[in-house]
Structure formats: structure tokens, C-alpha cells
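# What the coordinates show
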Amino acid sequence: MSSKNAIKVRKMKQSFQNLSLETLRKPLAISGLVLFLFYTLLFNQLYNHSITYFSPHFKVIWPASSSNVTSPTNINHIVFGIAGTVNGWKFRRAYVEAWWRPNVTRGYLFLERFPSREFLPWPPSSPPFRVNENITRLKSYEKIKNSFQVRVFRTILETFREGDEDVRWYVMADDDTILFVDNLVEVLAKYDHTQYLYIGTNSECVSSNFYASFNMAFGGAGYALSYPLVEALAAKFDKCVEKYQNLYSSDLMLYSCLADLGVTLTLEKGFHQIDLHSDISGLLSALPQIPVLSLHHLDVINPIFPSMSRCKSINHLMKAAKLDHSRLLQQTICYDMQRNWSFSISWGYTTHIYESIFPRNFVVKPLETFRPWRRSDRQPLYMFNTRGITRNSCEAPHVFFFHSAENSTENKIATTYLRALPRNLPPCSNSGNISADSINTIHVFSPATEHKRMGKTECCDVEKMRDVNVTDIKLRKCTKDEIIS
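Reference entry: report on the structure contained in this document. Bear in mind the structure is a predicted one, so any value in this text is a computation, not a measurement.

All right, on to the overall build of the protein then. Check the secondary structure of the protein and you find 12 helices and 19 strands. The contacts of the protein with a sequence gap of at least 6 include a subset with a gap of at least 24, amounting to 70%. Accessible surface for the protein amounts to roughly 25,400 Å². Of this, 55% is attributable to carbon and sulfur atoms.

Pasting the structure below:
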């Protein structure tokens with residue numbers, strides 16, 4: 001190396017040694033910012049071009065809960081699969097349309113064949129329909145004997161194959177079932193939708209559970225399956241059908257397939273199979289403190305409101321549900337000690353007056369106004385305790401049915417209940433011969449801005465009579481350790 005070059009190198013080393021960190025900080029920061037902006041712009045351009053290039057050939061499939069797995073479950077996260085028939089739809093359409101919300105709820109009505117002309121054009125008030133795949137054409141289903149039940153079972157698979165985005169839950173039900181969607185959303189929000197979950201209830205009748213399983217969800221009542229569980233089930237569906245094709249019901253097929261996956265039933269008693277006949281007002285007047293999620297077998301039971309058709313009865317009940325779904329069919333019990341009366345309110349449905357003071361453990365038992373699914377059944381008939389119908393003046397209630405509801409002053413909802421029929425019994429001697437025959441109207445006032453807490457019992461107060469024919473009752477939170485008796 002020449003002496004001149006050596007001198008230049010020596011001077012460069014000295015200049016670098018003399019540079020301080022403070023001198024370099026600003027140029028480095030500016031250079032870093034420029035590189036960051038350049039990288040970001042380049043990445044976005046490449047990303048946009050890649051999507052544009054590949055989109056004609058590939059469909060992006062987002063995960064079931066791509067938006068935010070920790071966000072609260074809402075109605076947009078649920079897809080409904082409804083099993084129906086073309087012949088039955090003529091009579092059952094009104095049931096489904098009573099709870100279906102066009103452009104809000106997502107789901108499909110599955111039929112065994114294309115609808116006939118009388119149903120076309122298909123109305124927007126109904127769920128969009130799909131025709132189930134013809135399983136007789138599938139080689140894997142050549143030996144199927146119970147094709148109807150297999151079709152209903154495969155509705156789960158065909159609902160899943162619709163490919164809806166951002167699904168957390170599939171809720172399956174029959175077309176003679178009404179669902180209470182707001183309660184359903186709130187109940188499902190309690191659960192972790194990322195797990196394998198099978199949520200439903202069994203039958204009210206012991207014999208129905210005995211012949212099927214006490215651990216099986218009855219599909220008429222409706223049940224909920226988490227997205228990951230349906231995804232796993234779909235991968236094994238045909239093998240499962242082949243294995244359990246001789247079982248007599250689609251519900252039992254599903255239960256058996258899920259048992260093979262190690263999944264057991266999570267019981268939610270707000271689903272109601274209604275394996276009952278005749279008048280179920282006794283049951284609906286004393287349901288447990290659980291949000292009501294469904295009512296099934298509407299074609300089998302009497303209209304739930306006297307002097308109304310089945311369809312009008314359901315729409316009438318929905319009027320109350322729209323005002324306050326949290327209190328619908330929730331029982332509240334209180335007392336008028338001056339007149340020695342007990343009151344039982346099934347919000348949005350009935351109010352009962354008993355001319356005697358009865359403890360809660362008596363009033364919460366449903367009156368057996370109904371009969372079991374099979375006439376040949378023997379005791380025990382039901383999965384719950386009941387009270388028999390009686391002509392005892394002290395134990396037979398005065399019955400009032402829901403008539404109307406409106407928002408009143410002071411942030412209250414006022415529901416009105418009118419006497420159904422005269423009781424035609426003498427006064428109860430235990431109450432000093434104070435009869436409730438003169439009462440023809442009951443007003444119940446409940447908070448309009450505060451929903452009933454799930455699973456919590458409310459209390460109520462009987463107001464001073466302002467009319468000999470009218471009684472006012474106010475619902476409220478129970479005080480700490482309050483004794484309801």
C-alpha cells in the first residue's frame with residue numbers, strides 16, 4: 001500500500017471514531033422511516049395484485065369465527081336448519097314465520113321435493129328453501145330402509161355445506177316448532193363455541209326417554225351444535241349413517257354418532273319437546289326459571305290460548321315475547337295476606353289466583369291439564385312432578401289469560417290478563433269465605449329497561465285494590481335472603 005493511501009485510510013478511521021451516537025441518531029431514524037414506508041407500500045401492492053390474480057380461481061374460506069372469537073355471540077353467528085315437508089308446510093308455515101326474521105336470521109328450510117305451485121313465488125317472510133339431496137341415488141345409501149329419518153339427519157350435513165361464513169352455532173329444529181331467538185342467542189352466548197358442544201333437552205315423558213335415551217337431545221324441541229362439532233361430524237357422516245341406518249329416529253342417529261366422537265349432551269331445559277297431548281296450559285303456567293327457547297308439537301296440542309286458532313295463539317304469545325323475551329313464561333309467585341290469596345304469574349301467558357296461602361313448592365308444580373304422549377303409559381309419566389286437577393275450592397285456581405301488553409309510564413311494561421271462564425266453585429273456607437270471583441282483570445307491571453336475570457327468581461307485590469274487579473301486581477327484584485311465602 002502506498003503512503004498516500006495509508007494516510008487516507010488513517011483519516012477515515014479517525015473521522016468514524018469522532019462520530020458520536022447523537023450525530024447518527026437523526027439520519028438513522030429518517031432512513032428507518034423511509035424503509036418502513038417503502039416496505040409497507042410494496043407489500044400492499046403485492047397483496048392486492050395477488051388477490052386480484054387468484055380470485056377468479058380460488059375462493060377464500062374464512063374460519064368459522066374469523067372476526068373475533070372472543071366477541072359476544074349474536075344472532076349473526078347462528079344458522080338455522082329446519083326440517084320440513086311440502087305437504088306439511090301448508091299448515092306449518094305460520095309457525096316458522098312467527099319467529100323467523102327476514103334479513104336478520106340465517107338458515108334454510110329443507111324439503112323432500114320442490115314446492116308445488118301453490119307455494120310459489122316463495123315469499124320473503126319464509127326462510128329460503130332447499131331440496132334435500134336424493135339419497136337413493138347415492139351408492140353409499142343403497143341399502144337404507146328408513147329414508148325419511150336419514151333425510152332429516154342429513155339436513156345437518158346439507159346445512160353445513162351451504163358454507164355460511166362466521167358461523168358459531170347450527171340450530172336444528174322441525175317446522176312445527178317455534179323458537180325464541182333472543183333467548184337462544186343469550187343462552188348460547190354462555191358457552192364456548194370453539195369446543196365440541198351438543199346442547200338440547202330430552203322429552204317430558206319418561207317413556208319417550210326410555211325408548212330412545214335419557215341422554216339424547218330430542219330434535220323437535222331443537223338443539224344446538226357448535227361449528228367445530230358439525231365440521232368433525234361432516235367428515236364422518238356417510239360412515240356414521242351406514243353404521244346406524246337401522247335406528248328408528250334421526251335424533252338417535254345423531255346421538256349415536258356423537259357418542260362415537262366422545263361428545264355428550266349438555267342439557268338446556270329451555271328447549272321443550274312437548275311430548276304431550278291436549279291442554280298444556282298447566283305446564284306453560286309453571287315452567288322452571290330458565291329462558292324459554294322453543295315449543296314443539298304445536299299441531300298435536302290444543303291452541304295455547306282459548307278461543308284462538310293455533311296460529312293466532314302463537315302470534316299472540318309472540319306479542320309478549322317482542323316486548324320482553326327474558327320474562328316470557330317465567331313464573332313469579334306472591335301473596336295477598338289480607339285476602340289470604342296466592343298469585344302465580346306466568347309472564348305473557350297466565351295469572352292464577354288461589355283462595356288460600358300455598359308455599360312455593362306447591363305452586364311451582366304444573367297442573368296436569370295435559371296427558372302423556374302414549375295413552376298406554378304407566379306411572380311415572382313425566383320427568384317432573386305435577387298436581388292433579390281438582391274441584392277443591394282452595395286448590396283450584398282462578399285462571400286469567402294474557403290479553404294485551406304495552407309500555408306504560410315510569411319505565412314499566414303493563415301486561416293485562418282476563419278471566420278465561422267462571423270457576424263455578426264456592427269460596428275456599430280456609431280464607432274466611434273471601435272469594436276471588438269478582439276479579440275479572442289483572443294488571444302486571446314489570447321493569448321495561450331491565451331484563452330478568454337468567455335463572456334468577458323475581459318477587460312481586462300485590463297492590464292495594466283500586467277496583468273490586470281489578471288487581472294490580474308489580475314485579476321486582478327479590479331482596480337479599482327474602483322468603484317468598
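Let's pick the thread back up.
Attention now moves to the sheet that holds strand E11 (residues 331–336). Taken in spatial order, the 8 strands of this open sheet run E11-E12-E13-E15-E16-E17-E19-E18, and their pairing is mixed. The two strands at the open ends of the sheet, each matched to only one other strand, are E11 and strand E18 (458–462). Recorded for the sheet is a direction-independent mean angle of 25° between the axes of neighbouring strands. Inspection of the sheet shows E11 paired to strand E12 (residues 341–346) by 6 bridges, in the antiparallel sense. Pairing of Thr 332 across the sheet is with Ile 345, part of E12. Strand contacts of helix H11 (residues 310–323): strand E15 (398–408) and strand E16 (412–419), with the helix running at about 45° to E15, the strand carrying the most contacts.

Time to look at the nonpolar core. Ranked by internal contacts, the top residues of the largest apolar core, which has 77 residues, are Phe 80, Trp 99, Ile 178, Phe 180, Ile 304, Ile 442 and Ile 473. No other element matches the 6 residues that helix H3 (residues 86–99) contributes to this core. For Ile 178, the residues in contact, after removing those within four places along its chain, are Tyr 95, Trp 99, Leu 293, Ser 294, Leu 295, Leu 298, Ile 314 and Met 318. Formed by 35 residues, the second largest nonpolar core is a distinct cluster that contains Ile 144, Tyr 170, Ala 217 and Tyr 244.

The grouping of Phe 210, Tyr 211, Phe 214, Tyr 248 and Met 383 at the surface amounts to a nonpolar patch, some 580 Å² of accessible area in total. Note that Tyr 248 resides in the loop between helix H8 (237–244) and helix H9 (250–260).

Our next topic: H3. With 14 residues, H3 should cover 20 Å at 1.5 Å per step; its first-to-last C-alpha distance of 20 Å lies within 8% of that length. Where H3 bends most, at Arg 92, the angle is about 65°. Along H3, the positions that sit buried rather than exposed are Val 86, Gly 88, Trp 89, Tyr 95, Val 96, Ala 98 and Trp 99. Where H3 is buried, its residues touch strand E1 (78–83), strand E2 (106–111), strand E5 (178–179), helix H5 (181–188) and H11.

This next bit is on H9. For H9, a buried count of 8 out of 11 residues is recorded, marking the element as mostly surrounded by other parts of the structure. Along H9, the positions that sit buried rather than exposed are Ser 250, Asp 251, Leu 252, Met 253, Leu 254, Ser 256, Cys 257 and Leu 258. Contacts from the buried residues of H9 go to helix H4 (147–160), strand E6 (198–200), strand E7 (223–226), helix H7 (227–235) and H8. In the segment just after H9, Gly 262 is the residue with positive phi, at about 80°.

By the definition in use, this model includes 21 salt bridges. For Arg 154, the salt bridge goes to Glu 158, with nearest N and O atoms at 2.9 Å. In this pair, Arg 154 and Glu 158 both sit in helix H4, 4 residues apart, roughly one turn of the helix. Among the salt bridges present, the one from Glu 458 reaches Arg 327, with a minimum N-O distance of 2.8 Å. One end of the pair, Glu 458, is in strand E18; the other, Arg 327, is in the loop between H11 and E11, with 131 residues separating them in the sequence. Neither residue differs from the other here; Glu 458 and Arg 327 are each classed as buried. Sharing partners across several salt bridges, the network here consists of Arg 92, Asp 175, Asp 176 and Asp 299.

This part is about the pairing of E2. Along E2, 5 of the 6 residues are buried, which leaves the element largely enclosed by surrounding structure. Note: E1 against E2, 5 bridges, orientation parallel. Bridge pairing links Ala 83 to Phe 110 in E2. Chirality of the crossover, the property in question, places the unit of E1, H3 and E2 among those that are right-handed. Judged from the 3 bridges that link them, E2 and strand E3 (residues 129–131) form a sheet pairing that is parallel. In the strand pairing of E3, Leu 111 is matched with Val 131.

What counts, and where the lines are drawn
- Residues numbered from 1 in each chain as written.
- Predicted model: local features only at pLDDT ≥ 70, side-chain atom pairs only at ≥ 80, totals over all residues.
- Heavy atoms only, no water.
- Helix = DSSP H or I, 4+ residues; strand = E, 2+ residues; numbered from the N terminus.
- Contact = heavy atoms within 4.5 Å.
- Areas by Shrake-Rupley, 256 points an atom, 1.4 Å probe, with all protein chains shown as cover.
- Pairing = 2+ DSSP bridges.
- Axes fitted to C-alpha atoms, helices over the stretch in contact; angles between N-to-C directions.
- Core = buried A, V, L, I, M, F, W, Y, C linked by side-chain atoms within 4.5 Å.
- Buried < 20%, exposed > 50% of the residue type's maximum accessible area, 1.4 Å probe, protein only.
- Patch = residues over 30% accessible without salt bridge, like charges linked within 9 Å, V, L, I, M, F, W, Y side chains within 5 Å.
- Salt bridge = Lys/Arg side-chain N within 4 Å of Asp/Glu carboxyl O.
- Expected span 1.5 Å × (residues − 1).
- Bend = angle between axes of the 7 residues up to and from the residue.
- Right-handed = clockwise from strand over helix to strand, strands pointing away.

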